[in-house]
Structure formats: C-alpha cells, structure tokens
Amino acid sequence: MNQTMGDQPHIRVELLSDPNYLAGVRQLIAGVTQRIGFDEKSCSQVALAVDEALANVIRHGYSRACDRPIWVSVWTVPANDEAGAYLRVVIEDEARQVDTCDLQGRDLDDPKPGGLGLHIIREVMDEVEYTKRSPRGMRLTMTKHAPRADESAPDAPKEG
Amino acid sequence: MNQTMGDQPHIRVELLSDPNYLAGVRQLIAGVTQRIGFDEKSCSQVALAVDEALANVIRHGYSRACDRPIWVSVWTVPANDEAGAYLRVVIEDEARQVDTCDLQGRDLDDPKPGGLGLHIIREVMDEVEYTKRSPRGMRLTMTKHAPRADESAPDAPKEG
Amino acid sequence: MNRHRTLRKKGEFQMQDAALPVRIDSLDGVTVLVPRGDIDMSRAPSFREHVRRAINAGAPKVVIDLSEVEYMDSSGLATLVEAMRNAKQASVALMLCGLHQKVLAIFEIARLHQFFKIEATVEDAIAAS
Amino acid sequence: MNRHRTLRKKGEFQMQDAALPVRIDSLDGVTVLVPRGDIDMSRAPSFREHVRRAINAGAPKVVIDLSEVEYMDSSGLATLVEAMRNAKQASVALMLCGLHQKVLAIFEIARLHQFFKIEATVEDAIAAS
Ligand SMILES: Nc1ncnc2c1ncn2[C@@H]1O[C@H](COP(=O)(O)OP(=O)(O)O)[C@@H](O)[C@H]1O
Ligand SMILES: Nc1ncnc2c1ncn2[C@@H]1O[C@H](COP(=O)(O)OP(=O)(O)O)[C@@H](O)[C@H]1O
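Since we're looking at a predicted model, the values are computed, not measured. (Residues numbered from 1 in each chain as written. Chains lettered and ligands numbered in written order. Predicted model: local features only at pLDDT ≥ 70, side-chain atom pairs only at ≥ 80, totals over all residues. Heavy atoms only, no water.)

Section: the overall build of chain C
Put simply, the test is: Every helix listed is a DSSP run of H or I at least four residues long, and every strand listed is a run of E at least two residues long, numbered separately from the N terminus. The buried label goes to any residue with under 20% of its type's maximum accessible area, the exposed label to any with over 50%, and the partly exposed label to all in between, with areas taken from a 1.4 Å probe on protein chains only. Contact definition: two residues touch when any of their heavy atoms are within 4.5 Å. Residue exposure ignores everything except the shown protein chains as possible cover, and the areas themselves are Shrake-Rupley values with a 1.4 Å probe.
Within chain C, the regular secondary structure consists of four helices and seven strands. In chain C, buried positions account for 53% of the 129 residues. Contacts in chain C between residues at least 24 apart in sequence constitute 65% of all its contacts with a sequence separation of at least 6. Element-wise, carbon and sulfur atoms account for 50% of the exposed surface of chain C, whose accessible area totals about 5900 Å².

A closer look at the site of ligand 2
All names here are of chain B. Here is the rule we go by: Proximity criterion: a residue is near a molecule or strand once any of its heavy atoms comes within 4 Å of it. Residues adjacent in sequence count toward polar contacts only when both atoms are side-chain atoms; beyond that, a polar contact is any pair of N or O atoms within 3.5 Å, and within protein one must be able to donate a hydrogen and the other to accept it. In this count, Pro and Cys sit with the nonpolar residues alongside Ala, Val, Leu, Ile, Met, Phe, Trp and Tyr, while Asp, Glu, Lys and Arg are called charged and the others, Gly among them, polar.
Around ligand 2, the structure places 15 residues, and the nearest of them are N56, H60, G115, G117 and L118. Between ligand 2 and G115 there is a distance of 2.7 Å, counted from an oxygen atom to a backbone nitrogen or oxygen. Here an oxygen atom of ligand 2 and a backbone polar atom of L118 are 2.9 Å apart. Here ligand 2 has 530 Å² of accessible area as a free molecule, and 84% of this is covered by the chains. Going through the elements one at a time, α2 (40–61) and α3 (117–124) are the ones with two or more residues in the shell around ligand 2. In terms of residues, the shell around ligand 2 owes the most to one element, α2, which gives five residues. Of the residues assigned to the shell around ligand 2, the class counts are five nonpolar, eight polar and two charged.

Overview of the sheet that holds strand β5 (residues 61–65) of chain D
Residues and elements named next belong to chain D. Short version of the rule: Two strands form a pair only when DSSP identifies at least two bridges running between them.
Read across the sheet, five strands follow the order β3-β4-β5-β6-β7 without closing on themselves; strand pairing throughout is mixed. Two strands in the sheet have a free side with no partner beyond their single neighbour: β3 (22–27) and β7 (118–119). Note: strand β4 (residues 30–35) against β5, four bridges, orientation parallel. Note on β5: the bridge partner recorded for T31 is V62.

Comments concerning the nonpolar core
Nonpolar side chains tend toward joint burial in soluble globular proteins. Operational definition: Take the buried Ala, Val, Leu, Ile, Met, Phe, Trp, Tyr and Cys residues and link them wherever side-chain atoms come within 4.5 Å; each set so joined is a nonpolar core.
The biggest cluster of nonpolar side chains holds 156 residues, and the ones touching the most others in it are A:I91, A:M142, B:I91, B:M142, C:F107 and D:F107. Discounting residues that sit within four places of it in the chain, A:M142 has contacts with A:A49, A:V50, A:A53, A:L87, A:R88, A:V89, A:I91, A:I121, A:M125 and A:E127.

A few points about the site of ligand 1
Residue and element names in this part refer to chain A. Taken together, 15 residues surround ligand 1, and among them N56, H60, G115, G117 and L118 come closest. N56 is positioned with one of its side-chain polar atoms (N or O) 2.8 Å from an oxygen atom of ligand 1. Contacts to ligand 1 include R59, whose side-chain N or O atom sits 3.4 Å from an oxygen atom. The protein chains hide 83% of the 530 Å² of surface that ligand 1 would expose on its own. Of all the secondary structure elements, the ones that give two or more residues to the shell around ligand 1 are α2 (40–61) and α3 (117–124). Considering each element in turn, the shell around ligand 1 owes the most residues, five residues, to α2.

Quick notes on helix α1 (residues 44–56) of chain D
Residue and element names in this part refer to chain D. The test is simple: Expected span, for any helix, means 1.5 Å times one less than how many residues it has. Summarising the geometry, the arc corresponds to the directions from the helix axis toward the C-beta atoms.
Across its 13 residues, α1 extends 18 Å between first and last C-alpha, which sits within 8% of the 18 Å expected from 1.5 Å per residue. Where α1 is concerned, the buried positions are A44, S46, F47, H50, V51, A54 and I55. All buried residues of α1 project into a common sector of 165° when viewed along the axis, lining one side. Structurally, α1 contributes buried residues whose contacts are with β3, β4, β5 and α2 (74–89). Two residues or fewer after α1 comes G58, characterised by a positive phi angle close to 105°.

Details of the environment of D:Y71
Checked against the element boundaries, D:Y71 lands in the loop between β5 and α2. The buried category is assigned to D:Y71, whose relative accessible area is 13%. C-alpha separation for the pair D:Y71 and D:H100, spaced 29 residues apart in sequence, amounts to 8.5 Å. For D:Y71, the residues in contact, after removing those within four places along its chain, are A:R26, A:A47, A:L48, A:D51, D:G37, D:D38, D:I39, D:D40 and D:V103. A distance of 3.5 Å separates a polar atom in the side chain of D:Y71 from a polar atom in the side chain of A:D51.

Considering the interface of chain A and chain B
Rule in force here: In short, buried area is how much 1.4 Å probe accessible area vanishes from two parts on joining, totalled over both. Note on definitions: salt bridges are taken to be side-chain nitrogens of Lys or Arg within 4 Å of carboxyl oxygens of Asp or Glu.
Residue-level contacts link 24 residues of chain A with 24 residues of chain B. Summing both partners gives a buried area of about 2300 Å² for chain A against chain B, and 52% of it is carried by carbon and sulfur. If you sort the residues of chain A by the area they bury against chain B, A:Y21, A:Q27 and A:R35 come out on top, with a joint share of 24%. At the junction of chain A and chain B, the tally comes to zero salt bridges.

A word on the environment of A:H60
As for its position among the elements, A:H60 is in helix α2. Through-space distance from the C-alpha of A:H60 to that of A:R96 is 8.6 Å; in sequence the pair is 36 residues apart.

Remarks on α3(B)
All of the buried residues in α3(B) are B:G117, B:L118, B:I120, B:I121 and B:V124. Seen from one end, α3(B) has its buried residues packed into an arc of 160°, which puts them on one side. In the core, the buried residues of α3(B) are packed alongside α2, β4 (127–132) and β5 (138–145) of chain B together with α2 (74–89) and α3 (101–109) of chain C.

Some details on the confidence of the model for chain C
Residue and element names in this part refer to chain C. Stated precisely, the cut-off is as follows: Scored between 0 and 100, pLDDT is the confidence that the predictor attaches to each residue.
In the predicted model, chain C carries a mean pLDDT of 89, and 88% of its residues have values of at least 70. Under a pLDDT of 50 for its full length, residues 1–12 has, in the predicted model, 35 contacts with residues more than four places off or in other chains. Both confidence scores are given for the complex: pTM 0.90, ipTM 0.90.

Re the sheet that holds strand β5 (residues 138–145) of chain A
Sheet strands pair by backbone hydrogen bonding; their relative direction is either parallel or antiparallel. The condition is simple: Interaxial angle, 0 to 180 degrees, is taken between N-to-C directions of lines fitted to C-alpha atoms, where a helix line uses only the stretch in contact.
If you walk across this open sheet you meet the 10 strands as β4(A)-β5(A)-β3(A)-β2(A)-β1(A)-β1(B)-β2(B)-β3(B)-β5(B)-β4(B), and the pairing is antiparallel. Strands with a single pairing partner mark the edges of an open sheet, and in this sheet they are β4 (127–132) of chain A together with β4 of chain B. If you compare each strand with its neighbour and ignore which way they point, the axes differ by 15° on average. Sheet analysis places strand β2 (residues 69–77) of chain A next to strand β3 (residues 86–93) of chain A, joined by eight bridges and oriented antiparallel. Among the inter-strand pairings, A:V77 is bridged to a residue of β3(A), identified as A:Y86. Relative to the sheet, α3(A) contacts β4 and β5 of chain A, its axis offset from that of β4(A) by approximately 125°.

What follows is the structure in structure tokens.
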C-alpha cells in the first residue's frame, strides 16, 4: 500500500521489437508526461529519448529482429507545491550485453549518418544509466524533472 | 516462432487504475492503429472505446481506487493486398465480477447523466465481449477491422 | 512524493482529479466558457465544477465553446447532460458551440446532438435565442 | 495474417518498413519533396528511398519541405546527412525548409543546423542559391 518509486511501475509496457510500434509508445509517454504537468517541450523530449532508446534496442540489441521483447516501465510523480513533476523510465531487453564504454555516439563535429541517438538521449534527459541485467539483456534507466515554471519556455503547455 | 493471434500479445500494458493515465493509453492505441493503416476516424473510435472501457473498470470495477492493476493487450494485423488492417484489444482487471446482463447502458432516448460508455464501445467496435476471468476479475475482448478504402470517409488519414 | 500515496478513503488510494484549464469570457452579458484540452474521466470533475459555477453565477445565458476540446468521452457528455438539467432548473440558457467533428461524432452515437442547443460559432451562440 | 510472421532472414522475423507518404512537386525546375507524418525508424527507409531517387533524377536542386513533419528522430537525421553527402557528390543543391520548432530542436542537439542549408519556406529555398 505504501508505494514508493522503488516498487512496481505505475505503467509497464511489454512490446515486440517492431519499429512500427515506436509511434504508439512515444505517444503514450507524451500523453503521460503531459498529464503530470510537463511542459510541451519536455513532453516531446522525453518521448524522443524513449523512441531513440527503443530504436537502439531493436537496431543494435536485436539486430532488427521484430519479434523480441522489450519492456518499458514508467514511474510518475506529479508536481506539487514544493517540486515539479518527475518521471522515471526504465527500458529493458533480452538482447546481447554491451559495456558502457561501447555506448558512445560519434564525434558531433564530424557529420556522418548515425551515431546521434545516445547524444540525444543524454542531452534531453537528466539522468541516463545503462546496466547489464541478470542473466542477460540491458537495462536503461532515465529520469527527468520537469523544468519549474520560471525555467521553462514562455509558451503554454498544449494538448499533445 | 509461428505467431498467431492466439499467442502472446504484440503489446501489453499494465497500468495502475489512475484516470490520469487514460490519456497516455488512448494515445498509444491511436498511434498503433494509425501505423497499421486505420484511417483517422477509426483510430479515434478505437481510442475512445479503450478509454471508455478503462474508465468503467476504474469507476465500477475498482470503485475509483487508483492503485489497482489493469492490463491492456493489443494484437495488430496490418493491411495487406487481400484484407484491411485488424486490431484486437483485451482489457483485464482483478475487480469484482459482473454478469453480462448487468452490463447495460441506459435507454438512449432518456437523456440523463451517465450510462453511455457501453453504448459507445458497442457502437464503434465490431465485436465486444465481456467474460469472467478465473479466479477473479473481468475480461473485455474487442476487435475492429479497418474499413476498406471504398467504405471509409473521403478524408485522407492524418498523423494523430 | 507519489500521487498514489494520497489516502482519501479508508484502505484505498483514491484518485486525484486533474484540473482542466478553462478560460472565462463575458460577452454582451453572456458567460462564455472555453475549456482547453481533452475532457475525460480525470478532468470531468474539474469541468463540472467550472460549469456549475457559471450556471449559478446569475448570467441569463452560458455558452460552452468546445473549439479547443479535441477529445471528449462519456464523462464529458455526462457532465454536459447534468449541466443542461441544472441550467433548465435555474432558467439559464445553455448553449454549446465550436464542436470538432470527432466530438460531435460522440454526441451522435449517444443521440445527444438533438438534446443540446448546438451552434457553429460563439457569435452564433450569443446571437441565438 | 500477421506482420510478425514475415520471415526474412533465417531464424528471425525481420521488420517490415512502413511507407512514408511523400508528395513530389516540380517548381521552376526544382524538385520539391513534401513528406507527411512522423519520420522515425520504421519510416526512415522509405524516406531514404524517396530522397535517393530525387537526387539521382537529374534536377540541379532538390528541396525537402519538412512543414508536414512534426516529428523526426535520429533515423531521419541520418537519412538527411547521407542525402547531403550524395547530393554533394552528384552536384545537386540540397536544401531543407519548413522545419517545425520541435524538429529544429533535434537538429540543434545533433549540431546539424549548420551542416544543412535550411530556409524558412519553399519559396525561400527555391530562390536561394
Ligand atoms: N541498446 C543498445 N544495445 C547495444 N548497443 C547499443 C545500444 N544502444 C547503442 N548501442 C551502441 O552505441 C552506438 C551509438 O549509438 P547511437 O548514438 O544511438 O547511434 P547509432 O544507433 O546511429 O549507431 C551504436 O552504434 C551501438 O554500437
Ligand atoms: N468494467 C465494469 N465492471 C463492472 N460493471 C461495469 C463495468 N462496465 C460497466 N459496468 C456496469 O454497466 C453500467 C453501464 O455502464 P456505462 O454504459 O459505461 O455507463 P456508466 O459508466 O455511466 O454507468 C454501469 O453503470 C455498471 O453498472
């Protein structure tokens, strides 16, 4: 009964690794963040980070196989008087494991196709951590605090 | 390997029975149906049916408690040369069980607040079936075929 | 820290309703409510409160401009049916306007498009008798 | 019956790419591509094919009008970076226009807003040298 952020996720999605489902999942994320009080820009950013992370699992983890499982777990904390809204998303797979040092995008000053996903994820989220799951697969934990009113852009939040 | 509609869902969402998550779930459904080739109107209809069904589980099944589990399972079949896209959604809960004869909306010719959700679900979906889960809870199975091009409205599908 | 901690009823976690942003204009003595965003189960209670207050405030006519509402489910419809009853009782003329195609479709399924007075624009609703 | 049944590679179900609707206009000898909808991993291959064909078709200038694209991820960016390289090699002037704020934000994170020739409107892009 005494739920905390450490317990069961508030929303957990298990999906097959089919890129055609990415649109649905990022719209889920955008809808949830919008309702807990993230501004429009932050909603788009979180949706983008989740999309990039899922695309990486499908592309690199599962070598584009589209029938493997991916789990997206979401914890939400709405804004209250003291603090802005807060989101945690964990993405898990059963794919091959990689060392954190191999999780690097390309040099941003050398434009060539690819190598941007991780940069985008690290840029838009507050915390980004990859760990190995036991016995197999990777786990990506990402968090973001909604910017407080005085930090965010002047445009009002709009329905997604 | 030989997946059929009877197997594991393509997408499965477990969420807490919090009405603030309904927006996210219906945006997920709208995004998924849009990508498998449902026209804009059908996407909205399916999203609406899922929203109504979830609201009923929270309102009637769980008496508005917001920390109980609901499962939404989705199977999708995209359009091919012979047939239009097809969707199956199953919504399950652990709430009190009701007999099918108690699942009736109000008389549509007697306008009063409430009693519309089931009418809406039955109107917009092709098949709607409530069954009791074992040992507890209800299961709602809904399906919809996308209208074929010649049946649907003339407006082109648009991004949701 | 967590919305699901809010204890409202013995032994159960009760939901916390979400606020629906509603702009309130007053034009030619008519109160115009302009809700913005989806009206679903989480926001219907907030919508209901706004409408209730407008009907009780004494203006002879209340217009609900739905042009910024792109989604409404049966919770929103229930709120409007109740508002229509309250308005009749209080001798307030209640009108709707600006319905999106998708929202109108829900009124039609529920056979409520005849029950409400629906105009195309705010101007039409204000002018209508 | 099921997309996940499509067998493409031994022992694995491979994805089926989704088609991205792209309108193709020709204005003053300039080819203008107008993709519509999200460009993500599932649609980038279709987008890539459209752009590749336009660049190889012989027009001296190709404009990609992104005004109907409200979402693009790094798959879309990768496609555009590759297109820019191919265009240079084929001596085709490649320009982008109509970027939504959200899409531009992704270019900026990737520090690619300087790499591309970006104009506000199709007219600007056609007029630019
Ligand atoms: N989920 C993942 N599993 C395994 N390797 C990954 C994963 N995500 C990223 N990587 C590795 O990190 C590299 C950089 O990723 P990214 O910046 O997203 O660019 P790209 O996907 O275009 O290569 C990838 O090329 C890959 O080697
Ligand atoms: N998931 C459910 N669990 C239990 N009872 C339900 C459920 N869904 C609907 N019902 C019953 O069916 C009735 C009609 O539902 P509905 O048409 O959605 O209208 P409303 O929710 O406004 O009462 C409800 O009042 C309730 O008694």
